[in-house]
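# Report on the structure
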Amino acid sequence: MTVSENLVSIDWLAEHTDDPNVAIIDCRFTLGKPGAGLAEYLQDHIPGALYFDLEQDLSAPKAANGHGGRHPLPATDALVELFSSAGIDRDVTVVAYDDQDMAMASRLWWLLRYLGHPRAAVLNGGYAAWRKAGLPVTTDVDKRSRRTFVPDVQSHMLVTTREVASRSERTALLDSRAGERYRGELETIDPKAGHIPGALHYFYKENLSADGTLRPAHELQERFAPLAESDELIVYCGSGVTACVNLLALNEAGRSDAKLYLGSWSDWTSYPENPVATGEE
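Residues numbered from 1 in each chain as written. Predicted model: local features only at pLDDT ≥ 70, side-chain atom pairs only at ≥ 80, totals over all residues. Heavy atoms only, no water.

## Let's talk about the nonpolar core
In globular proteins that are soluble, nonpolar side chains generally tend to be buried together. Counting residues in hydrophobic clusters, the biggest one holds 77 residues, and the most contacted among them are L13, I46, F83, L108, W110 and F224. Of all the elements, helix α4 (residues 103–114) adds the most residues to this core, at nine residues. Those residues in contact with L13, other than ones at most four positions away along the chain, are V22, I24, I46, V95, L123 and W130. Counting residues in hydrophobic clusters, the runner-up holds 11 residues, among them V159, I196, Y236 and W265. (Core = buried A, V, L, I, M, F, W, Y, C linked by side-chain atoms within 4.5 Å. Buried < 20%, exposed > 50% of the residue type's maximum accessible area, 1.4 Å probe, protein only. Helix = DSSP H or I, 4+ residues; strand = E, 2+ residues; numbered from the N terminus. Contact = heavy atoms within 4.5 Å.)

As structure tokens, then:
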């Protein structure tokens with residue numbers, strides 16, 4: 001793959017749309033508008049692409065007790081079936097794309113890595129870059145031959161609410177949401193406004209260049225340089241989706257050890273006893 005092990009270029013993908021060992025997954029999704037992403041996919045998509053829905057495929061249903069966040073981790077068996085039915089095994093390179101600043105695609109990239117898949121990448125620049133380049137699109141809905149996906153769960157990539165609360169002073173906690181949500185000035189999704197005390201603000205969109213591609217590795221290394229002395233990095237957002245863009249960027253910057261608090265703010269605030277901070281840290 002070109003660019004890096006985490007990213008592929010539109011040029012590379014254009015040369016591999018017919019490769020049976022490349023699975024292209026359209027992850028477009030609009031929060032609050034169920035079905036909108038699928039409708040966009042059916043209207044046009046990259047040739048050969050299948051569609052995965054954030055809430056139907058890449059998340060489990062929300063827990064009845066209110067804990068676990070808005071986009072909980074799917075059961076391993078469910079993901080194994082999803083990937084197997086999409087013709088994905090260890091020989092297949094999965095290329096995920098969206099048109100939401102790579103957030104939904106990064107969620108799939110992270111889930112594949114969490115299950116130990118060695119060949120997962122995000123299309124750099126997403127569908128917008130593909131369309132801007134005038135590359136072909138289609139309305140055809142293809143089906144890949146079933147393969148057997150064998151998971152190798154990397155449980156160390158996840159942290160729980162309790163682990164976030166009891167983290168050491170050598171751990172840096174990164175909040176990936178927009179500044180007004182982090183500071184507690186505005187909250188339209190979750191019941192409480194603010195951030196986890198001690199969290200640093202690293203808005204996920206600041207990882208992107210003006211053209212929507214991920215910034216070069218040397219720029220990302222500079223962005224995350226203040227975290228160099230931290231032994232552990234934990235990333236969160238509202239529900240474990242946009243945080244994955246920060247995780248992708250951290251991987252590019254050389255910090256592949258960063259972990260995800262998947263339940264994120266929507267899980268943290270489901271516990272009344274958890275403290276909330278506002279303003280800047």
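Having seen the model, we can carry on.
## Looking at the state of the cysteines
Under the definition given, this model contains zero disulfides. Free of any disulfide, C237 has its nearest cysteine sulfur in C244, 6.9 Å distant. (Disulfide = S-S within 2.5 Å.)

## Examining the sheet that holds strand β6 (residues 171–175)
Judged by pairing direction, the sheet is parallel, and its four strands sit side by side in the order β7-β6-β8-β9 without closing on themselves. Unpaired on one side and paired on the other, β7 (200–201) and β9 (259–260) mark the two borders of the sheet. In terms of strand pairing, β6 meets strand β8 (residues 232–236) through five bridges, oriented parallel. If you follow D175 over to β8, its bridge partner there is Y236. (Pairing = 2+ DSSP bridges.)

## Overview of a nonpolar patch on the surface
Side chains of L38, L42 and V141 sit close together on the surface and give an oily, nonpolar patch of about 250 Å² of accessible area. Within the fold, L38 resides in helix α2 (residues 36–43). Taking the relative accessible area as the measure of exposure, L38 reaches 38% and is therefore partly exposed. (Patch = residues over 30% accessible without salt bridge, like charges linked within 9 Å, V, L, I, M, F, W, Y side chains within 5 Å. Areas by Shrake-Rupley, 256 points an atom, 1.4 Å probe, with all protein chains shown as cover. Salt bridge = Lys/Arg side-chain N within 4 Å of Asp/Glu carboxyl O.)

## With respect to unusual backbone geometry
You will see that D101, though not glycine, has its phi angle at about 55°, which is positive. As for its position among the elements, D101 is in the loop between β4 (93–97) and α4. Here D101 falls in the partly exposed class, since its relative accessible area comes to 30%. A positive phi angle, close to 70°, is found at M102, a residue other than glycine. With respect to the secondary-structure elements, M102 resides in the loop between β4 and α4. By relative accessible area, which is 2% here, M102 ends up buried.

## What about the sheet that holds β4?
Pairing within the open sheet is parallel, and its five strands lie in the order β1-β5-β4-β2-β3. Unpaired on one side and paired on the other, β1 (7–8) and β3 (50–51) mark the two borders of the sheet. Together, β2 (22–26), β4 and β5 (120–123) form the strand contacts of α4, whose direction differs from that of β5 by roughly 170°. (Axes fitted to C-alpha atoms, helices over the stretch in contact; angles between N-to-C directions.)

## Quick notes on helix α3 (residues 76–85)
Of all the positions in α3, only L79, V80, L82, F83 and S84 are classed as buried. Taken from the residues just after α3, G87 is the one with a positive phi, measuring 75°.

## Focus: the environment of L158
Looking at the element boundaries, L158 is found in the loop between α5 (126–132) and α6 (161–165). As a C-alpha pair, L158 and Q56 span 102 residues in sequence and 21 Å in three-dimensional space. With residues near it in sequence (within four places) discarded, L158 still touches L73, W110, Y114, E163, L260 and L262.

Coordinates in, geometry out; function isn't part of it.
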